[in-house]
Each structure stands twice: as C-alpha cells, then as structure tokens.
Amino acid sequence: MRADLPPVPALIERKRDGFPLAPGQWRALIEGYTAGRVPDYQLSALCMAVVFRGLDPAELAELTDAMLASGDRLRFDGEPRPRVDKHSTGGVGDKTSLILTPLLAAAGVVVPMMSGRGLGHTGGTLDKLEAIPGFRTNLPLADAVTQARRIGAVMLGQTEEVCPADKRLYALRDVSGTVPAIPLISASIMSKKLAEGLTALVLDVKVGSGAFIPEEVRALELARTMIGLGAARGCPVVALLTAMDRPLGVACGNALEVREALAMLRGEPCPADLVEVTLALGAEMLVAAEGGAGQGPGAGGTRRAERERRAAARARLEALIASGAALDAFRTLVAAQGGDPRVADEPEQVLPRAPVVHEVRAHAGGMICEVAPKPLGLAVVALGGGRSRVEDRIDPAVGIELRARPGDTLARGDLLATIHARTPADAEAAEAAVRAAIRYGDEVVARPLVSHRVTVEGVERL
Ligand code: URA
C-alpha cells in the first residue's frame, strides 16, 4: 500500500531543524521520488539537511528498506554456491572491483555486483566498465541472474527494475554536494547490496583526505553502520578500512583504470598498493564464501587461525591469476555483457585513447610527502572523466597516470604524471592540478594501506 506523503516542504524544514521524520515518512518520500511525484530539487534540499543533521537509526532503517523496496531483487533460489560481493565507499584510482569480480568467479564464488557511476571526485565502476567498447551494464534483472548462475559473475548498475531509487538519488547526490553523509552512503550502498541476494558482503571503507568520510573515527562509524544494517537483514558483512590519503595505483580515469586492472589480471607488473588492497579484499571475500564472514575472533576461532585462513585464500587467488583463470573469467564476463572480449588480450588496441598525452615533470628535486587524491579526482572530472551535471557524458579515454608516490625521492625532470586529455588546454589545466596535489617535504603522509578489520563482533587493528 502506498504511504501517505505529507507536504514535502514541511518534511525538509523538520529535518533542517534537526528533528527526525515520523515513521512512514521516509518510505513515502522514496516512493514519491521513485514515481516522479517528488522533484529532484526537494530531494536534494532534504539530502543537504541530512548531511548536516543525520538520521536516527529508525529513519536510517526505513530509508534503506524503502530504497531496497523501490525495485525488485536478484533471486537465486536453489543456487548452491555462495554469493559474495564487495563494495567500496568511493576512492580515486580504485579499480579493485574490475579485478575481484572475475577473480572470485574463477574461484567458484558467484559475484552479482551492482555498482554505481562516478560520484563527486571519485570514479565509478559502471563508468569504468563502459570504457570497454560494447559493454552493457543496464541488464534486465532476469538476464543478470541467468548470467551470474551461468558464468559466476555479473556487473550491473541500478536500473528501473533494481534499486531505481538509488539510481536517481545517487546521480542527484553526485551533483548537489550531498555525498558525504554516513546515513546516505550507508543506505545507498546497503540497499544495492541487499538487492543482490548475497550470502555475505565485504566492504572497503576508505579513510583519508580523498574519502567521503575522511576521519578514521567516522570511517569506523560508517563501517559499523553498514555492518549493522546487513546483520539486521540477514547479510553478514566484513569491512576493511583502506587508505585513501593517496590514489590507489597509478591510473585515474576510466579506460586507464581498466588497463591497469587488466595488468593485474594478466599477472603483469602493477602497482604494489593495488595488489595489496585487492588481495586483502579478495581473501576476505573467499573466506566469507566459505562461511567465515562476520566472524570476529570469538566466533571464528583465534585471530591467528583466521589470519591463516586469509593467507591461504590469498595464495589461492594469486594462483588463479598466475594460471590465467582470472583473465579467462574476465574475458567471459566481457563477452557475456556485449563487450569486446579482445580487451583482455589486447587492451591497447581495444580501449579508447585520448588525442593529447602530456608529461608532467618535476621542477625541482626532493622527497614527496603527500599526493592528495581529491584534487586529482576533481582534475579527472574536469578532463571529462566524470560529471558536474547529471546529463554530462563521460569521456572514457581521459585521465591521469600518477607516477609519484609519497616517500619517493625525485630529481628535477623526473616524471610526476602523464595526462591523457582531449585538448592541450585541458592538459595544461590538469597539469596545474597535479602540481598542486603533490607536496614535497620531510614527513610522509601515508596511512597503513589496510588498517582495520571490522565485523559485527568488533574492530581489529591490522
Ligand atoms: N558508493 C555508493 O554506492 N553510494 C554512496 O553513497 C557512496 C559510495
């Protein structure tokens, strides 16, 4: 039954003034928004009020459930294999989903991954996938389930069938400055993940200046909030806190990131931080698939035994990369979704390239102490790799390859970055952003890559 929708201005004012909405009102708002009865401008005002005022637990639960109920779910009745996914809270250069989906499928896990597009200064998995010519992410629900059962993996976006409320709200938040709010991020992520019919979920909660929630204490709160939403709805969740005080890997920009993800799947040399974060998340996914997700030290045995399980899982994933099985799974996934499967073997030939390739070299020598991810992410958006308005089209070819890492000691003339741009003027603007993002000094700013593991049982420092 449709919930009654009170006048929306009164609800916005109530939230603006710091009061919770009454039971049923979030449901009515989301139903109204999905049906087109509540306009974007009212929802963005309300989201901005949530950024400042938050939601209480009952409001958050109702918002999440309403977003989940806005569409259908992936149904895997009778499917004997575990279904595990991972989701990140958003970062710059984060291409781990492109690697983990085929890698876990190669390990026998079903990965029905529903992702989003670029959000604010961060990239989105859907935009990255669409850099592969022909790749379709708007699959009908039934086809998505059939494909996941057949090949063990599917990568799709929110559609009118699944999570339509998140599809619209996500795009609206992207361009209205309303991403960084723990309840909005939690409801967005968990509504998508709960619609996937998972047996377990692994979250990559980013922390550091390039994360939507930069502070460690609040990142832990975000992790706990999502773990709580999952636990209350029968989905065990494990979260890792990973560093986003510098970009992950070298490539930032859609096609460039696909190329870097493929380097890892092909067993080629690739950035050590990318390998580390990807395998840490992958090991959690594999252990979760075996029934270990959500277990803290008390529930799953000693911490030492748990670490040994994760180490064994990691070794298995490394072997699947070395044997070519993960790359085969990627090729199969791309072909199943209409993409050009030659991308797996000849990425240079298949992926789009920008007409201007511009090197940025150090003006002076010294040690790099910081590479700030947010201005770099914004520079990629300005190059055309992200959106400033809902209707903006992405240019998949543009981006920045960042060669300088915190702790590197460079000489004058050393390469800092390579910019891939549409025009020389765009490249120059991006060069200024790269130079501003890189700071020299004596004290390196770099968090541990994977710092905490959070489960329903508590927090473990790694
Ligand atoms: N990822 C999502 O899916 N939603 C958010 O709000 C942030 C990151």
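In case you missed it, the structure is sitting above this.
A brief report on the enclosed structure follows. Being a predicted model, the structure only gives us computed values, none of them experimental. (Residues numbered from 1 in each chain as written. Predicted model: local features only at pLDDT ≥ 70, side-chain atom pairs only at ≥ 80, totals over all residues. Heavy atoms only, no water.)

### What to know about the overall build of the protein chain
(1) Moving on: For the protein chain, the helix and strand inventory stands at 18 helices and 14 strands.
(2) Moving on: Taken against the 2.2 N^0.38 rule, which gives 23 Å for 462 residues, the C-alpha radius of gyration of the protein chain at 21 Å falls within 12% of a compact globule.
(3) Moving on: Seen along its three principal axes, the alpha-carbon backbone of the protein chain occupies a region of about 65 × 45 × 45 Å.
(4) Moving on: Across the 462 residues in the protein chain, those meeting the buried criterion constitute 59%.
(5) Moving on: If you take every contact in the protein chain between residues at least 6 apart in sequence, the share linking residues at least 24 apart comes to 78%.
(6) Moving on: Here the protein chain has roughly 17,300 Å² of accessible surface; of this, 53% comes from carbon and sulfur atoms.
(7) Moving on: In the protein chain, 54 side chains carry a positive charge and 57 a negative one; their mean positions are 2 Å apart. (Helix = DSSP H or I, 4+ residues; strand = E, 2+ residues; numbered from the N terminus. Rg over C-alpha atoms; globule rule 2.2 N^0.38 Å. Buried < 20%, exposed > 50% of the residue type's maximum accessible area, 1.4 Å probe, protein only. Contact = heavy atoms within 4.5 Å. Areas by Shrake-Rupley, 256 points an atom, 1.4 Å probe, with all protein chains shown as cover. Lys, Arg positive; Asp, Glu negative; His and termini not counted. Charge placed at Lys NZ, Arg CZ, Asp CG, Glu CD.)

### Digging into the sheet that holds strand β1 (residues 84-88)
(1) Moving on: Strand order in this open sheet of five strands is β1-β4-β5-β13-β14, and the pairing throughout is mixed. Only two strands of the sheet have a single neighbouring strand rather than two, namely β1 and β14 (458-461). Across the sheet, the mean angle from the axis of one strand to that of its neighbour is 20°, orientation sign disregarded.
(2) Moving on: Across four bridges, the pairing between strand β5 (residues 237-243) and strand β13 (residues 450-455) is antiparallel. Looking at β13, one finds that T242 is bridged to V450. (Pairing = 2+ DSSP bridges. Axes fitted to C-alpha atoms, helices over the stretch in contact; angles between N-to-C directions.)

### Examining the site of the ligand
(1) Moving on: Neighbouring residues of the ligand: H87, S88, T89, L119, Y170, R173, I185, S188, I189 and K192.
(2) Moving on: R173 is positioned with one of its side-chain polar atoms (N or O) 2.9 Å from an oxygen atom of the ligand.
(3) Moving on: Contact between the ligand and S188: a nitrogen atom at 2.7 Å from a side-chain N or O atom of the residue.
(4) Moving on: Against a free-state accessible area of 240 Å², the protein chains account for coverage of 98% of the ligand.
(5) Moving on: Within the residue set of the shell around the ligand, elements represented by two or more residues are β1, α8 (164-174) and α9 (182-194).
(6) Moving on: With four residues, the single largest contributor to the shell around the ligand is α9.
(7) Moving on: Across the shell around the ligand, the residue classes tally to four nonpolar, four polar and two charged. (Near = heavy atom within 4 Å. Polar contact = N/O pair within 3.5 Å; in protein donor to acceptor, adjacent residues only side chain to side chain. Nonpolar A, V, L, I, M, F, W, Y, C, P; charged D, E, K, R; others polar.)

### With respect to the sheet that holds strand β12 (residues 438-440)
(1) Moving on: Taken in spatial order, the three strands of this open sheet run β10-β8-β12, and their pairing is antiparallel. Unpaired on one side and paired on the other, β10 (409-410) and β12 mark the two borders of the sheet.
(2) Moving on: Note that strand β8 (residues 366-371) and β12 share three bridges and pair antiparallel. Residue I368 lies in a different strand from β12, and its bridge partner there is Y440.

### Some points on the pairing of β8
(1) Moving on: Both β8 and β10 contribute to a ladder of two bridges, which runs antiparallel. Following the sheet pairing, M367 is matched in β10 by T409.

### Focus on the side chain of E59
(1) Moving on: Turning to its location among the elements, E59 is positioned in helix α4 (residues 57-69).
(2) Moving on: A polar side-chain atom of E59 sits 3.2 Å from a polar atom in the side chain of K15.

### Structural notes on the environment of P214
(1) Moving on: With respect to the helices, strands and loops of the structure, P214 is situated in the loop between β4 (200-207) and α10 (216-232).
(2) Moving on: Separated by 31 residues in the primary sequence, P214 and D245 have C-alpha atoms spaced 8.4 Å apart.
(3) Moving on: Contacts of P214, omitting those with residues within four sequence positions, involve V207, G208 and S209.

### As for the nonpolar core
(1) Moving on: L104, I400 and I419 are the most contacted members of the largest nonpolar core, which has 83 residues in total.
(2) Moving on: If near-sequence neighbours (up to four positions away) are discounted, I400 is found in contact with V250, A251, C252, L256, L376, A379, V380, L383, A417, T418, I419 and V434.
(3) Moving on: In terms of nonpolar packing, the next biggest core, distinct from the first, is built from 66 residues, L169, V179, A195 and L229 among them. (Core = buried A, V, L, I, M, F, W, Y, C linked by side-chain atoms within 4.5 Å.)

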